[in-house]
Every structure is written in structure tokens, then in C-alpha cells.
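# Tertiary structure, described
Chain by chain, the residues:
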Amino acid sequence: RTAMLSGYCQAGRIAEARLLFDDMPKRNVVSWTAMISGYSQNGKLNLARKLFEVMPDRSEVSWTAMLVGYIQAGHIEDAEQLFNAMPEHPVAACNAMMVGFGQRGMVDAAKAVFERMQEKDDGTWSAMIKAYEQNEFLIEALSTFRDMSWRGIRPNYPSVISILTVCSALAILNYGREVHAAMLRCSFDMDIFTVSALITMYIKCGNLDKANRVFNMFEPKDVVMWNSMITGYAQHGLGEEALGIFNDMTIAGMAPDGITYIGVLTACSYTGKVKVGREIFNSMCKNSAIRPGAEHYSCMVDLLGRAGHVDEALDLIKNMPVEADAIIWGALMGACRMHKNAEIAELAAKKLLELEPESAGPYVLLSHIYTSTGRWEDASKMRKFISSRNLNKSTGCSWIEYDKRVHLFTSGDILAHPEHAIILKMLEKLDGLLMESGYSADGSFVLHDIDEEQKLHSLRYHSERQAVAYGLLKVPEGMPIRVMKNLRVCGDCHAAMKLIAKITSREIILRDANRFHHFKDGFCSCRDYW
DNA sequence: TTAGGGTTAG
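Residues numbered from 1 in each chain as written. Chains lettered and ligands numbered in written order. Predicted model: local features only at pLDDT ≥ 70, side-chain atom pairs only at ≥ 80, totals over all residues. Heavy atoms only, no water.

### Structural notes on the protein's contact with DNA strand B
For DNA strand B, the set of nearby residues contains 39 residues, the closest of which are Gln41, Asn95, Asp191, Asp222 and Glu295. Among atoms of DNA strand B positioned within 4 Å of the protein, sugar and phosphate together represent 48%. In this structure, a phosphate oxygen belonging to DNA strand B sits 3.3 Å away from a side-chain N or O atom of lysine 204. Here the residues of the surface near DNA strand B are counted per class, giving 14 nonpolar, 16 polar and nine charged. (Near = heavy atom within 4 Å. Polar contact = N/O pair within 3.5 Å; in protein donor to acceptor, adjacent residues only side chain to side chain. Nonpolar A, V, L, I, M, F, W, Y, C, P; charged D, E, K, R; others polar.)

Structure below.
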């Protein structure tokens, strides 16, 4: 009888479950708990709570079922209260509480529960790792994963996925490879969820070949896996390849979803395929089950604007059936920056200010626009405003993985690295070589560079250049130098990278905030279109 | 009868 009751609950047939419950001649803790769990899993928290209050005895499981209901509904305060009132704290309840704290960004609270637990299971560890990962405590996530392995606890699915996500974010390819090896040992390479995370890890670490190999080997693929590969090629600026996968996907009979279209349109945008992009967008509007949303319009604004059709992009915004959000205005602003369209840039920046008053980008752009159009007073007002308010202006940093360690560089502070002496020497040597080949740093990127990494020293100390210099010193000949940057690469550094790759005959793979640049032989895979 | 999973545009 209780089994049937929970069967109804799991199928969401709560009313029938309740009838059965009321009809039961004998009810025990288990059946009461099943009913509570049914209500709380289906969002009927008040009913669950009523039963919980009147039930004759409560087991640990009843408490936990009630707790999980609150957490899943996002009522973290109620959950916390209940948790504190519990006579005992079973592992399942602690784990659930940690997940709840993690989802609400309360990492310290999750950690406090974690540390107080006498008994931990694999779920405890993965809940802690996930809380760190989702709140961008990436180093803590890694060390917790290490700690877990040292204690001989085998990784489980959620922890493997979390840790792959961390590897993707930090672009630590070698660590990611080790996780891949561990996956093979645990047969997690058969699981579609972890394999998708694995593909994304290889893509975000800049190793497309490996991503492609894993992708090709896995059958049957689901839509997410196809999407991972399409967006991966898009990020690397490989438009043809992305469209090829999209085509294969259609042949395989897999229906695209909204994210597929984001990936394909981005691929077109990054590679200047305006015609194909338009066709795909039109066919999506006409005969697809997926209606284009704000995210697709933003891809189109980006596609048109990037290609120089800034007016058309603005028209599209004016005529589209959805409300323009910050992302759309941001895409338009980016296009104006690229094509130096001060007039529309001002409009876009002002719209953006209304929607996101806390971000520094639009203010910085506006000040550049005012400067370049001779509106000195407006420009200085804007600059004062930027410095007077504590706006979200992240400092630029770049990093490189070497010898199982992440080496971090920031623009102003090269002395922070223990090996700064040889790095500085290398930077100076590069300067000499760049000069010889006719390179000169110019200031024509003012309108171009919105992220404005603080230029405390001269341009050559930008963080990405420090990281590349370090890579040149350490990464063995013949291996590509993989550098990551948290912001968009600056135009000046982009030009320098092309030359550095040529002069030193090295391949440099740079991941910036948006996409990848593969520098080789004096050229970049983005063909300066980024 | 209790928790825990992947992809996304600027």
C-alpha cells in the first residue's frame, strides 16, 4: 500500500495518493512520511507541513522529507529553521541543507555544516564541491576534490561533473586529463552527462581535437552533446565546422533546440557569415518549433553589427517582438565600438545604463566616445563618475597552467611572481624583437577597449603578455602555449601576439572572456574579427 | 519513505 502511495506521488498524482492515504486502515511512520514527501516534492508545502505537525511519530526520514521540500522550493530560511529544530542531523539532511546553502550563495554556511558533520558520505563531498564550484570558489573546489580522493572516497557523478566544470573555468588541461583518466577507471565515460561535461572541458581548455574524438566515440548523442560541440567550434572561430556539425545533427534526425540556434548563430557571427546566419534565423522564425527569444535576437544583433550593419541591427531591435535586454544592447554597443559609430554607441550605452547601472563598461565607453568627439567636459564628468563610484570593474588577469600549478599574472603587479626577473628579461627581449619587425604600440584602440585593463606600466606589461612570456620560458618547444584571460584581449596585445607567434615560431592559444584566439605564423584564427 | 548531474549569446 505504501509503495503504491509513493508511486502515485512520484507520478505527481497527489490527489489519488491522498485518497489512498485516507483510506488506509493502518498508517505507520513510513506511510505518513511518503505522503509528506509527496506533497513537498510537488510544491504543496503547506499541506506537507500540516501533516508533519499532526503525525504521531516522526522519523529522521520524515524530518528530511520536509526539509527537502523547503529547499527545493527555495525557502532557505524555513529549511534552516527546521534543520536547527531537528533532534538529530542525518547525513541526507545535512547534504540537502548544504546543497540549499550552495544554491543561495551561502558558501560559508554550507562549509559550517560540512565541517560539523561526524559522518560523511560521497554525497557530502560532492555537495561541498558543488557549492564551491557554483559560487566560483574554484581553488577550494579543487582542494576539496583532492582531499576527498586522499581519504579514499571514490568520485561520484556530481563531483566529477563539478570538477570538470572547474577545469573548464580555469582551463587547466592537465588536471582535466587526469579527471578523464579517473573517469575511464570508474566507467563514467559511459555516462552521457559526464561525457558532455568532459567535451566542454576539452573545448574550454582549447583542445578541440580531443573534444572531437570524445564526441565522435559516444553514441547515442543527445541534443546537449551536439550543442556542446557546435558552441565549441563557434567559440574557436571555426564557422564551417560548427555548421558541419549542425548539418550532421539534422541528418542524424536530432531536433535542434534553442541553444543549438544560439551556437549556430554565434558561429556565423564570429566568422562573418551574414548571409547564412540570416537564412538560419529566418528558417527558425518560419518553420521551427522554437520561437526566437531575446537570446537569438541578441545573436542576430551581434551578427549584423559585427559585420558593420549597425543601422540594420538597431532596426532589428526596434522591430523585434521581444523586449530588448542588457545583452542585446551590449551586443549593439560592441558593434559600435568595433565600427566606431559614436552616435548609436551613445544610445546603446544609455539604454544599458538604465538596465545595468552597476556595470562599468557603458560608462567607460561613453567617456571614450566623448573624448573622441571632443566633448571634453562630458568626458571628464564621466571619468569622475566612474572613479567616484565603486563600479564593477574587474581587474584584468591572465594565467597559464604549468607544472600542475596555475600561474597568475595581473597587469600592474609582475613582481608578484617568484620568477619575475627572468619573465621581465623575456618581455624585454620580446620588445626588442617586436621593434625589429616594425611593430609599434599605438593608441588607436581607445574606443575599442572597453575593459580597460589598468595601464599602470607600459602596454607591454599587460597580463596576457606576461603569461605568454612565462609560457615561452617554460613550455617545451613544439607545444602550444595556452593562456587564459578573464577579460577580452586588448587590441594592442592581439597585434603583438600575432607577431610573437611568428617571431618565436610558437603556437599561442589565448582564451579571452568571449572566445579563443589561435595565433600562428603571424595570423590569428579570428582573422582580427572579434 | 530522504539529496546529488551536462550545454548558452555580450
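### Concerning the sheet that holds strand β3 (residues 481–485)
In spatial order, the strands read β2-β1-β3-β4-β5-β6; together these six strands make up an open sheet with mixed pairing. Strands at the two margins of the open sheet, each flanked by one partner only, are β2 (405–410) and β6 (523–524). Inspection of the sheet shows strand β4 (residues 508–511) paired to strand β5 (residues 516–520) by four bridges, in the antiparallel sense. Across the sheet, residue arginine 511 finds its bridge partner in β5, namely phenylalanine 516. (Pairing = 2+ DSSP bridges. Helix = DSSP H or I, 4+ residues; strand = E, 2+ residues; numbered from the N terminus.)

### Some remarks on the pairing of β5
Across the five residues that make up β5, a large majority, four, are buried. A loop of four residues connects β4 with β5, the two strands running antiparallel in sequence. Here two bridges tie β5 to β6, and the two strands are oriented antiparallel to one another. Note that in β6 the partner of phenylalanine 519 across the bridge is cysteine 524. With antiparallel pairing between neighbouring strands as the criterion, β5 and β6 make up a hairpin whose turn holds two residues, including aspartate 521 at a positive phi of roughly 60 degrees. (Buried < 20%, exposed > 50% of the residue type's maximum accessible area, 1.4 Å probe, protein only.)

### Comments concerning helix α14 (residues 208–217)
Among all positions of α14, only Leu208, Ala211, Val214 and Phe215 are buried. Projected down its long axis, α14 shows its buried positions confined to an angular sector of 130 degrees, all on one face. Along α14, the residues that are exposed and aim more than 90 degrees away from the buried face are Asp209, Arg213 and Met217. (Arc of directions from axis to C-beta.)

### What about the packing of aromatic side chains?
On inspection of all chains with the given rule, the structure shows 10 aromatic pairs. Considering the side-chain rings of tyrosine 132 and phenylalanine 137, the 6.2 Å spacing of their centres and the 45 degrees angle between planes classify their relative orientation as tilted. Given the relative accessible area of 7%, tyrosine 132 is considered buried. Judged by its relative accessible area of 33%, phenylalanine 137 is partly exposed. (Phe/Tyr/Trp six-rings, centres within 6.5 Å; stacked < 30°, edge-to-face > 60°.)

### What about the layout of surface pockets?
Reported here for the largest pocket is a volume of approximately 1,300 Å³. Along the walls of the largest pocket sit 42 residues, with Tyr270, Ile327, Gly330, Ala331 and Asn514 positioned nearest its centre. When contributions to the lining of the largest pocket are tallied by element, the ones reaching two or more residues are α15 (223–235), α17 (258–270), α19 (294–306), α21 (326–339) and α23 (361–372). Considering each element in turn, the lining of the largest pocket owes the most residues, nine residues, to α21. A per-class count over the lining of the largest pocket returns 18 nonpolar, 15 polar and nine charged. Two domains share the lining of the largest pocket, each providing at least three of its residues, namely domain 1 (293–393) and domain 2 (397–524). Taken as a whole, the second largest pocket encloses approximately 420 Å³ of empty space. In terms of lining residues, the second largest pocket is bounded by 19 residues, among which Ala169, Leu170, Trp399, Asn486 and Arg511 are the most central. Put simply, the parts of the chain that give the lining of the second largest pocket at least two residues each are α10 (138–150), α11 (157–170) and β2. Per element, the largest residue contribution to the lining of the second largest pocket is three residues, and it comes from α11. Looking at side-chain class alone, the lining of the second largest pocket contains nine nonpolar, four polar and six charged residues. (1 Å grid on protein atoms, 1.4 Å probe; cavity = no way out; pocket = protein on both sides within 12 Å on 5 of 7 lines; lining within 4 Å. Points joined across faces, edges and corners; volume = space filled by probe spheres on them. Domains from an automatic or database assignment.)

### Some points on the UniProt feature "repeat: PPR" (unreviewed entry) in chain A
Under the local residue numbering, the UniProt record ascribes the feature "repeat: PPR" (unreviewed entry) to residues 1–27, 28–62, 90–120, 121–155 and 222–256. Taken as a whole, residues 28–62 contains 74% helix and 0% strand, while its terminal C-alpha atoms sit 12 Å from one another. (UniProt positions renumbered as here; feature names shortened; annotations may be inferred.)

### Side note on α19
Its 13 residues place the ends of α19 18 Å apart at the C-alpha level, agreeing with the 18 Å of an ideal helix rising 1.5 Å per residue. Taking burial as the measure, the 13 residues of α19 include 12 buried ones, the bulk of the element. Taken together, the buried positions of α19 are Ala294, His296, Tyr297, Ser298, Cys299, Met300, Val301, Asp302, Leu303, Leu304, Gly305 and Arg306. Of the surrounding elements, those touching the buried residues of α19 are α17, α18 (274–287), α20 (310–319) and α21. (Expected span 1.5 Å × (residues − 1). Contact = heavy atoms within 4.5 Å.)

### Some details on empty space enclosed by the protein
In this approach a probe as big as a water molecule rolls over the atoms, and the regions it shows empty are the leftover space. Applying the stated criterion across every chain, the model contains three cavities of 30 Å³ or more. When its volume is computed, the second largest cavity comes out at roughly 40 Å³. Going through the elements one at a time, α7 (91–103) and α9 (122–134) are the ones with two or more residues in the lining of the second largest cavity. Of the residues contributing to the lining of the second largest cavity, the split by class is four nonpolar, three polar and one charged.

### Side note on the pattern of salt bridges
As enumerated under the stated definition, the model contains 18 salt bridges in all. Across the pair lysine 273 and glutamate 240 runs a salt bridge, and its minimum N-O distance is 2.6 Å. Highlighted residues: lysine 273 in the loop between α17 and α18 and glutamate 240 in helix α16 (residues 239–251), separated in sequence by 33 residues. Exposure remark for glutamate 240: the relative accessible area of 53% places this residue in the exposed category. Where aspartate 302 meets arginine 306, a salt bridge forms, and the shortest distance between an N and an O atom there is 2.9 Å. Taken as a pair, aspartate 302 and arginine 306 lie in helix α19 at a separation of four residues, close to a single helical turn. There is no split in this pair, since aspartate 302 and arginine 306 are both buried. Several salt bridges converge on common partners, so that one network encompasses Glu346, Lys350, Arg375 and Asp378. (Salt bridge = Lys/Arg side-chain N within 4 Å of Asp/Glu carboxyl O.)

### Remarks on the nonpolar core
The biggest cluster of nonpolar side chains holds 140 residues, and the ones touching the most others in it are Ile199 and Leu332. Counting only domains with at least three residues in this core, you end up with domain 1 (293–393) and domain 2 (397–524). Aside from chain neighbours lying at most four places away, what touches leucine 332 is Val301, Val310, Ala313, Leu314, Ile317, Ile344 and Ala348. Counting 32 residues, the second-largest nonpolar core is a separate cluster that includes Ile400, Leu424, Ala469 and Ile481. (Core = buried A, V, L, I, M, F, W, Y, C linked by side-chain atoms within 4.5 Å.)

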